[in-house]
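Breakdown of the fold
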Amino acid sequence: MQKIKKAVLAYSGGLDTSIIIHWLKENYGCEVIAVAADVGQGSELTGLEQKAINTGASACFIEDLRKQFVEDYIFPTVQAQAIYERQYLLGTAFARPVIAKRLVEIALREGADAIAHGCTGKGNDQVRFELAVKAFAPQMKIIAPWREWEIKSREDAIEYAEACNIPIPVTRETNYSKDKNIWHLSHEGLDLEDPANAPKYDNILELGITPEKAPNTPTSVTIDFEKGIPIAINSEKMDGVKIVELLNKIGGENGIGIIDLIENRLVGMKSRGVYETPGGTILYKAHALLETLTVDKETARIKEHLAIKFADLVYNGQWFTPLRQALSAFVAETQQKVSGQVVLKLYKGNIIPQAITSPFSLYDAELASFGESDYNQNDSAGFINLFGLPIKVAAQLGREQT
C-alpha cells in the first residue's frame, strides 16, 4: 500500500466508518482525522466525537453545514424542479458535494495526504465523493476500503467490529443501510432487496407515519416564495433550515412523502430503497404550482426538459461541473418572478392545492373567463387554418395519389 501519513475520513459513526478508523490505522499505519458533517442528522451526531477518538482517531471535527446545504444545494435543485426518474428527490445525492467540499478544505488545512470514505464499490456515493475531491484537490489520494479490504458484506463488517471491540449502531436484525439528513431518510437492504417484499413501514419509518395512520382531518399549510425560494410558513418568516424542519414535521404527521422506488444506479445496477421526504415533497409541489402561475409556456417547457438533465447531474455526482453551473444560471433567471403564496391541504398522504397568488401572475381571469370579455373569438378561425395547414395539405395530396 502507498505510504500515507495522515488521512481525513468522511465519518458518520455508522457501521462502515466505525470500523474504517481501525482498519486504516491497521493497514496504512496513518494518523486518522474524522470529519462528521452535520447536514441535519440530529441525534446521530450525539457522542460522535468521543466515539471517533475512542476507536483511534486523533481528532474528530463536527462541521455544521445545514445552512449551506439547504441554501446552496437543496433550494437550487427545488427551483430546477429536478427529480430523478420522476420520483427521487435527490436527498442523498446533493448532500454529498457539500460534505466532500468541506472534507477537502479540512484535509488541505490539516496537511493530510489522503481522503477516505466508507462508500461501497456498488453504490453511487463513491462517485459523488470522489468527483468532488477531484474538483478541489485533484492531487489528493483517495482511499476507499470497500475496494481494498477482505470484507465482502455488511455481515462481515459486523463481525470485524465485534472482533475489534468497536461499538456499532446496528445489529444483524436492524442492519438496514440508512442515510439521514435534514431533507430525507433512506432505507435499503435486508428484506427490501427483494422487490416482491412489501416494506415493513411500521419498523422503518422515522420521519413520519403511513397515510393510513394520518389524522382524519386535513392540515392547511401556506408557503410564501420569493424568486423561487421559500421564505415563510403560515405567514411566519424563517430561514431555510427552519422551513425544511417545520415542513418535515407537518408532512410527516400527515403521511406525506413516502416512496418505494426501484432506481437505476449510476454504476449500472438497479436498486430498491424506501425514501422519506415529507417536507421536500411539500416544497416541490408548492413550487411547481407557483410556477404554473408565473412562468410562461415556452420557458416552462424548456425548463422541464433541462430538469431531467439537472437531476442526472446531481444524482451522478457532477455538481461541481460547468454544465451544472450553467443550468443553475438558467434556472435562476427563470425564477425572477416566481414569487407569491401557495396554500395546500394535506390529507392522508395527499397534497391538495387550495390557492395560488402572485404579484407576477400571468393568469388573466377576464381573458380566460367563460363570460363576456374583450377577446375576439373570430380571431381563432385564422389561427386554426394556419396551424392545421400541414394536416390539410397532407390529406389533400394523399387523396390525389390514391
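Notes on the structure follow. For clarity, every value in this text was computed on a predicted model and none was experimentally measured.

1. Brief notes about the overall build of the chain
Along the chain, the regular secondary structure elements total 14 helices and 14 strands. Across the 402 residues in the chain, those meeting the buried criterion constitute 49%. Within the chain, contacts between residues separated by at least 24 positions form 73% of all contacts whose residues are at least 6 apart in sequence. Carbon and sulfur atoms make up 52% of the accessible area of the chain, which amounts to about 19,900 Å² in all. Across the chain, the 42 positively charged side chains and the 52 negatively charged ones have centroids separated by 3 Å.

2. Structural notes on the packing of aromatic side chains
In total, this model carries 13 aromatic pairs according to the counting rule given. Ring centres of Phe 69 and Phe 94 lie 5.6 Å apart, and the angle between their planes is 75°; on these two criteria the pair is classed as edge-to-face. Separated by 25 residues along the polypeptide, Phe 69 in helix α3 (residues 66-80) and Phe 94 in the loop between α3 and α4 (95-110) bring together distant segments of the chain. Just as Phe 69 is buried, Phe 94 falls in that class too. Of the aromatic side chains, those joined through ring pairs into one cluster are Trp 23, Tyr 28, Trp 146 and Trp 149. Over the ring of Phe 136 we find Lys 101; its NZ or CZ atom is 5.6 Å from the centre of that ring. One cation-aromatic arrangement involves Arg 109 over Phe 61; the distance from NZ or CZ to the ring centre is 5.0 Å.

3. Description of the nonpolar core
In terms of nonpolar packing, the biggest core is built from 76 residues, with Phe 69, Ile 74, Leu 90, Trp 183, Ile 223 and Leu 344 touching the most fellow members. It is α4 that contributes the most residues to this core, eight residues altogether. Apart from the residues within four sequence positions on either side, Ile 74 is in contact with Phe 69, Phe 94, Ile 182 and Trp 183. Grouped together as the second largest cluster of nonpolar side chains are 32 residues, Ile 19, Tyr 28, Ala 157 and Ala 161 included.

4. Here's the deal with the sheet that holds strand β2 (residues 31-38)
In any sheet, the strands associate via hydrogen bonds between backbone groups, in a parallel or an antiparallel arrangement. Judged by pairing direction, the sheet is parallel, and its five strands sit side by side in the order β3-β2-β1-β4-β5 without closing on themselves. In this open sheet, the two edge strands, each paired with only one partner strand, are β3 (59-64) and β5 (141-143). The average undirected angle you get between the axes of adjacent strands in this sheet is 25°. Bridging between strand β1 (residues 6-10) and β2 involves five bridges; their strand directions are parallel. Across the sheet, the residue bridging to Ala 7 is Val 32, located in β2. Running at roughly 165° to β1, helix α1 (residues 15-28) makes contact with β1, β2, β4 (114-116) and β5 of the sheet.

5. Considerations on the sheet that holds strand β11 (residues 258-264)
Taken together, the four strands give an open sheet; going across it, the order is β6-β7-β12-β11, and neighbouring strands pair in antiparallel fashion. This sheet does not close on itself; its edge strands, each paired only once, are β6 (177-180) and β11. The sheet shows a mean angle of 25° between the axes of neighbouring strands, taken without regard to direction. In the sheet, strand β7 (residues 185-188) pairs with strand β12 (residues 270-276) via three bridges, with the strands oriented antiparallel. Residue pairing in the sheet places Leu 185 in a bridge with Glu 276 of β12.

6. Some remarks on α1
With 14 residues, α1 should reach 20 Å at 1.5 Å per residue; the first-to-last C-alpha distance of 20 Å fits that figure. A bend of about 30° at Ile 21 is the largest found in α1. For α1, the buried fraction is high: 10 of the 14 residues fall into the buried class. Inspection of α1 places Leu 15, Asp 16, Thr 17, Ser 18, Ile 19, Ile 20, Ile 21, Trp 23, Leu 24 and Tyr 28 among the buried residues, and these make up the whole buried set. On its buried face, α1 sits against β1, β2, α2 (48-54), β4, β5 and α6 (154-163). Just past α1, the residue Gly 29 takes up positive phi, approximately 60°.

Here is what the cut-offs are and how they apply
- Residues numbered from 1 in each chain as written.
- Predicted model: local features only at pLDDT ≥ 70, side-chain atom pairs only at ≥ 80, totals over all residues.
- Heavy atoms only, no water.
- Helix = DSSP H or I, 4+ residues; strand = E, 2+ residues; numbered from the N terminus.
- Buried < 20%, exposed > 50% of the residue type's maximum accessible area, 1.4 Å probe, protein only.
- Contact = heavy atoms within 4.5 Å.
- Areas by Shrake-Rupley, 256 points an atom, 1.4 Å probe, with all protein chains shown as cover.
- Lys, Arg positive; Asp, Glu negative; His and termini not counted.
- Charge placed at Lys NZ, Arg CZ, Asp CG, Glu CD.
- Phe/Tyr/Trp six-rings, centres within 6.5 Å; stacked < 30°, edge-to-face > 60°.
- Lys NZ or Arg CZ within 6 Å of the ring centre and 35° of its normal.
- Core = buried A, V, L, I, M, F, W, Y, C linked by side-chain atoms within 4.5 Å.
- Pairing = 2+ DSSP bridges.
- Axes fitted to C-alpha atoms, helices over the stretch in contact; angles between N-to-C directions.
- Expected span 1.5 Å × (residues − 1).
- Bend = angle between axes of the 7 residues up to and from the residue.

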